[in-house]
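# Structural features, examined
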Amino acid sequence: MFIRDNNPFTFGDNEKSLAVRRREWTPDSFLNLAKTGKGEDFLGKSIDDKILGKIFLVIALFLFLLFSRAFYLQIIRGGEYRDFAEGNRIRIKVTPPPRGLIYDRGGEAFVKNVGSFNLVVVPSDLPKKEEDKEALFDNFSEEYGIAKEQIKSLLEGVPSFSYQPILLKENISREEALKILIQSENLPGFSVDVGIRREYIINGEESSKNSLAHIIGYEGKITRDELALYGDDYYLNDRLGKSGLELSYENLLRGQHGEKKVEVDVRGREIKVLAEVKPEFGRNIKLSIDKELQKKTEELLARYLKSNNKKRGAVIIEDPNSGEILSMVSLPTFNNNDFSEGISQEIYTGLINDESQPLFNRAIKGEYPSGSIFKPIVALAALEEGIINQRTSFLSVGGINVYQWFFPDWKAGGHGWTNVTRALAESINTFFYIIGGGYKDFEGLGIYKIVEYAKKFNLGEGLGVDLPGEAFGFLPTPEWKEKAKGEEWYIGDTYHLAIGQGDILVTPLQAVSWISVFANGGTLYRPYLVKEILNEKNEVVEEVKPEIINSNFAFPQNIDIIRSGLRQAVVSGSAKGLLDLPITSAGKTGTAQWHSKKQPHSWFVGFAPYNNPKVAIVVLIEEGGEGSGVALAVAHDILGWYFGNKEKEL
């Protein structure tokens, strides 16, 4: 401290104090004090240098920590916290696009989009205190019947500051939605979201159970696993195709999301829209399916199944000149609206436990021994390899003996002398045993040639139909048998394969595709269901062209020989039940043994009209007995209806 004039220190009454009080400071005294820190009469510091240093260090450390925290909050995580703060007032809401529609070949809709009320919860709008949140969940669970554990499970792993809605329950009733909206003041975080779901229709009415369910499939809410698989273009509350064409054409049907920038109040309720990007409509698709034919095919198949006390069957009708599928029916079937609306556990359990497997599309996924419908392929292979010609004949006496084994014909006593045309028409096993595996001095095709020609028809492989889950069937070989069964290949194995028995497996889709090759003169087309891609105005964006899998692998004259045998089957052979149709036809029946204690599967494949084929057909009846029975009867009535009602369209 310094003494200023007329302002003395009071140190006491001693002489020193008085001297100091009376003394005046000179400029030299100040200069001396500035240089040395001491004046002549300097009294000393009141705080030690070390203590001052520590104080300055503490202040500096405090300022550094304060600055670092401010830098972290404002620079490092500034964007996140700004978004969070802004999210309490302004939010981005994702707008789902209307899903593309699906039409039949004539432009009639199979589906429509309908609005639905969905119950959602927004994590950031829930109470911040854990006890308040628990109390809210308890009250909500009791009032609306949604388990507290379910709510907590859905929120697990979701940040508490997220304002993206989490779906709790789909397709709630209008009454439930109004109740929640009215009580929203007491339900912070819970709200009603208006969404879009699919409704599947047939003949202008909501479907119950219909065969289109296997073709069109269904869509439903995305799961967390699917969300991880599909990536950033999808959101937690999105819906997507789960099966059928809904799944195959998901990328086209789904469209693109829109966004709305909205201002909300403290409870997260929308006040006004600040900006909006409209969603893009999904593409519409037009199918090759004929709606009337599909309905009639399903009706006739169901009728014959019921009258013959059978439960399972499939029919496919195809344009043999392009691969377009006109009708595809697999019975039993299911109601795809059950899945779209949010299927109950009771209904789902019933479907899963049904021994007839209504969810299984046996038209493309079912694998069965082919029986005699495989014989045209074996006959073509023998003609192509020059083993036989149109006049080559063998004597059928009821079967052949090879050592201790006997391989029978279906007709006791045999069929007498037979060539390839008659062998196809009457399905004579002896002829195919001989050309397939050889007999005595005659050398047959052998297993590898049979398999080689079967592969030309894509057997043992997928045809690439635009539906998910297509099965490939199976072609046995000696190597497979050795590895799978630990047994060598016998001549009897070749005989069995030559008549479509043994370990061979085919699908109905493969069967209709190979009969189409004989119908059109030698071209294997890829079967398909979608023929046009449309925009939201139903203008054609893309036309799907027929795709050839294989062609020119057989001489036309050999194809014609097989065709004549298939025609003879209708005129005088195993398929003569079709002879009374108003048009000419050709075909092949099949009886496929598969179980020693159960009836064989019943097959029919054919095409019509014979000289200018418009349709190819396959009918499969599981455990249906003889192919010339129920399978042929189903084909007869379908072809009769089609050419009686669709003649003007041909």
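Residues numbered from 1 in each chain as written. Predicted model: local features only at pLDDT ≥ 70, side-chain atom pairs only at ≥ 80, totals over all residues. Heavy atoms only, no water.

## What to know about the overall build of the protein chain
- What the protein chain contains, in helices and strands, is 24 helices and 24 strands.
- Counting over 650 residues, the protein chain shows a buried share of 49%.
- In the form shown here, the protein chain has an accessible surface area of approximately 32700 Å², with 51% of it arising from carbon and sulfur atoms. (Helix = DSSP H or I, 4+ residues; strand = E, 2+ residues; numbered from the N terminus. Buried < 20%, exposed > 50% of the residue type's maximum accessible area, 1.4 Å probe, protein only. Areas by Shrake-Rupley, 256 points an atom, 1.4 Å probe, with all protein chains shown as cover.)

## What about the sheet that holds strand β10 (residues 270-277)?
- If you walk across this open sheet you meet the three strands as β1-β9-β10, and the pairing is antiparallel. Among the strands making up the open sheet, the edge pair consists of β1 (90-95) and β10. Across the sheet, the axes of successive neighbouring strands diverge by a mean angle of 30°, strand direction being ignored.
- Here six bridges tie β1 to strand β9 (residues 258-264), and the two strands are oriented antiparallel to one another. Note on β9: the bridge partner recorded for I90 is E263. (Pairing = 2+ DSSP bridges. Axes fitted to C-alpha atoms, helices over the stretch in contact; angles between N-to-C directions.)

## A closer look at the pairing of strand β20 (residues 540-543)
- Relative to β20, strand β19 (residues 530-534) runs antiparallel, the two sharing three bridges. When the bridges of β20 are listed, I533 appears paired with E542.
- Hairpin connection of β19 to β20: five residues between the antiparallel strands, including N538 at a positive phi of 65°.

## Looking at the packing of helix α5 (residues 130-144) against helix α6 (residues 148-155)
- Following both chains from N to C, one finds α5 and α6 inclined at 125°, their axes separated by 9 Å at the closest point. When the interaxial angle is binned, α5 and α6 end up oblique. Contacts from E134, F137, D138, F140 and S141 in α5 reach K148, I151, K152 and L155 in α6.
- In the contact of α5 with α6, the residues fall into four nonpolar, one polar and four charged. (Parallel < 35°, antiparallel > 145°, perpendicular 65-115°, else oblique. Contact = heavy atoms within 4.5 Å. Nonpolar A, V, L, I, M, F, W, Y, C, P; charged D, E, K, R; others polar.)

## What to know about unusual backbone geometry
- With an omega dihedral of 5°, the bond running from L331 to P332 counts as a cis peptide bond.
- Relative to the helices and strands, P332 is located in the loop between β13 (325-331) and α13 (336-340).
- The phi torsion at N538 lies on the positive side, around 65°, for a residue other than glycine.
- Mapped onto the secondary structure, N538 falls in the loop between β19 and β20.

## Details of the layout of surface pockets
- There is about 550 Å³ of room inside the second largest pocket.
- When residues of the lining of the second largest pocket are traced back to their parent elements, those giving at least two are β16 (405-408), α18 (429-437) and β22 (586-592).
- Residues of the lining of the second largest pocket, tallied by class, amount to six nonpolar, 13 polar and five charged. (1 Å grid on protein atoms, 1.4 Å probe; cavity = no way out; pocket = protein on both sides within 12 Å on 5 of 7 lines; lining within 4 Å. Points joined across faces, edges and corners; volume = space filled by probe spheres on them.)

## What to know about helix α16 (residues 375-384)
- When you tally the buried positions in α16, you get ten out of ten residues, the bulk of the element.
- What α16 keeps buried is the set K375, P376, I377, V378, A379, L380, A381, A382, L383 and E384.
- Note on α16: the residue one or two positions beyond its end, G386, has a positive phi of about 75°.

## Considering helix α21 (residues 491-498)
- With six of eight residues buried, α21 lies mostly within the body of the structure.
- Considered for burial, the residues of α21 that qualify are G492, D493, T494, Y495, L497 and A498.
- Along its buried surface, α21 packs onto α16, β15 (399-402), β16, α18, α19 (447-456) and α20 (478-485).
- G500, located one to two residues past α21, shows a positive phi value of around 80°.

## Remarks on the side chain of S372
- Here S372 is to be found in the loop between α15 (362-365) and α16.
- The exposure class of S372 is buried, given its relative accessible area of 10%.
- Among the polar contacts made by the side chain of S372, one reaches the side chain of S427 at a distance of 3.0 Å.
- Beyond its immediate sequence surroundings of up to four residues, S372 is in contact with S427, I499, K588, T589, G590 and T591. (Polar contact = N/O pair within 3.5 Å; in protein donor to acceptor, adjacent residues only side chain to side chain.)

## Structural notes on the environment of A275
- With respect to the helices and strands, A275 occurs in strand β10.
- Judged by its relative accessible area of 39%, A275 is partly exposed.
- Sequence separation of A275 and E259 is 16 residues, and the distance between their C-alpha atoms is 8.3 Å.
- The residues contacting A275, other than those within four sequence positions of it, are E259, K260 and K261.

## Examining the pattern of salt bridges
- Inspection of the entire model under this criterion finds 32 salt bridges.
- Among the ionic pairs, E199 bridges to K112, the shortest N-O distance being 3.2 Å. Of the two residues, E199 sits in strand β5 (residues 190-202) while K112 sits in strand β3 (residues 111-121), which places them 87 residues apart along the sequence.
- The class of E199 is buried, set by a relative accessible area of 12%.
- In this structure K112 comes out as partly exposed when scored by relative accessible area, which is 37%.
- Between E170 and R239 there is a salt bridge whose closest N-O contact spans 2.0 Å. Highlighted residues: E170 in strand β4 (residues 166-172) and R239 in strand β8 (residues 239-241), separated in sequence by 69 residues.
- The exposure class of E170 is partly exposed, given its relative accessible area of 21%.
- The network of salt bridges with common partners includes R99, R198, E246, E250 and R254. (Salt bridge = Lys/Arg side-chain N within 4 Å of Asp/Glu carboxyl O.)

## Observations regarding the packing of helix α12 (residues 291-307) against helix α24 (residues 630-645)
- Their axes nearest at 10 Å, the elements α12 and α24 cross at an angle of 150°. With respect to their mutual orientation, α12 and α24 come out roughly antiparallel. Crossing of α12 over α24 shows right-handed handedness. From α12, E292, L293, K296, T297, L300 and Y304 reach across to α24, where they touch V630, A633, V634, D637, I638, W641 and Y642.
- Grouping the amino acids of the contact of α12 with α24 by side-chain chemistry returns nine nonpolar, one polar and three charged. (Left-handed = near helix turned anticlockwise from the far one by under 90°.)

## Some points on empty space enclosed by the protein
- Inspection of the entire model under this criterion finds two cavities of 30 Å³ or more.
- Of the voids in this model, the second largest cavity is the one considered here, and its volume is about 30 Å³.
- If you go around the second largest cavity, the residues you meet are L119, Y144, I146, K169, I172, E176 and I180.
- For the lining of the second largest cavity, the elements supplying multiple residues, two or more each, are β4 and α7 (174-182).
- Among the residues making up the lining of the second largest cavity, the classes are represented as five nonpolar, no polar and two charged.

Taken by themselves, the reported measurements are silent on function.
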